[in-house]
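Observations on the three-dimensional arrangement
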Amino acid sequence: KAIQSADLGLNPSNDGNIIRVPIPPLTEERRKELVRYVHKLAEEGRVAVRNIRRDVNETLKEMQKNGDISEDEYHRAHDKTVQEMTDEAIHDIDAALAAKETELMEV
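Quick caveat: nothing in here was measured; it's all calculated off a predicted structure.

**Some remarks on the overall build of the protein**
Secondary structure assignment for the protein yields 3 helices and 2 strands. Over its C-alpha trace the protein gives a radius of gyration of 22 Å, far above what one expects of a compact globule, namely 13 Å for 107 residues. Counting only C-alpha atoms, the protein reaches 70 × 30 × 20 Å along its principal axes. Across the 107 residues of the protein, 16% fall into the buried class. Taking the contacts inside the protein whose residues are at least 6 apart along the sequence as the reference set, 51% of them involve residues at least 24 apart. In the protein, 16 positive and 23 negative side-chain charges are present, and the distance between their average locations comes to 6 Å.

**Observations regarding the pattern of salt bridges**
Two side chains with opposite charge may pair up if their charged atoms get near one another. Counted under the stated rule, the structure contains 8 salt bridges. One salt bridge connects Arg54 with Asp55, and the closest N-O pair in it is separated by 3.4 Å. Note on Arg54: relative accessible area 42%, which makes it partly exposed. What makes Asp55 partly exposed here is its relative accessible area of 37%. Across the pair Lys100 and Glu103 runs a salt bridge, and its minimum N-O distance is 3.3 Å.

Scoring rules and cut-offs
- Note that residues are indexed from 1 along each chain, following the sequence as it is written.
- This being a predicted model, a pLDDT of at least 70 is required before a residue's local features are given, and a value of 80 or more before pairs of side-chain atoms are given or counted; all residues contribute to the totals for chains, interfaces and linings.
- Excluding hydrogens and water, the side-chain values take into account all heavy atoms of the structure.
- For helices the rule is a DSSP run of H or I covering at least 4 residues; for strands it is a run of E covering at least 2, with both sets numbered from the N terminus onward.
- Both definitions apply: the radius of gyration is a C-alpha atom measure, and the globule rule equals 2.2 Å times residues to the power 0.38.
- Accessibility here uses a 1.4 Å probe with only protein chains present; expressed as a share of the type maximum, an area under 20% marks a residue as buried, one over 50% as exposed, and anything in between as partly exposed.
- Note on contacts: a residue pair is in contact if any heavy atoms of the two residues lie within 4.5 Å.
- Positive residues here are Lys and Arg, negative ones are Asp and Glu, while His and the chain termini are left out of the count.
- Throughout, a charge is located at the NZ atom of Lys, the CZ atom of Arg, the CG atom of Asp or the CD atom of Glu.
- Counted as salt bridges are all cases of a side-chain nitrogen of Lys or Arg within 4 Å of a carboxyl oxygen of Asp or Glu.

In structure tokens, the structure reads:
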């Protein structure tokens, strides 16, 4: 039931002992649909990374406001560490997206 409800285009059959899930060959249309889905997942990943960056920046501002870190430490952490990590994570997501798109579209 989970396979059917996942809307993957698969229709499992049960003969009493074995459950068979025939997987049809990928058509061009299905490949493009999967690429769109991968793009959606990549964008969700980018949004998640940006949300984490925003949360960290808010925490840094709060720490600076409370006097836990100096203004120089705040700017150093904000500009270099947080932004570099964000850029690296988004670059990794983009690289994985490009690799997966190439893999899906090859015949």
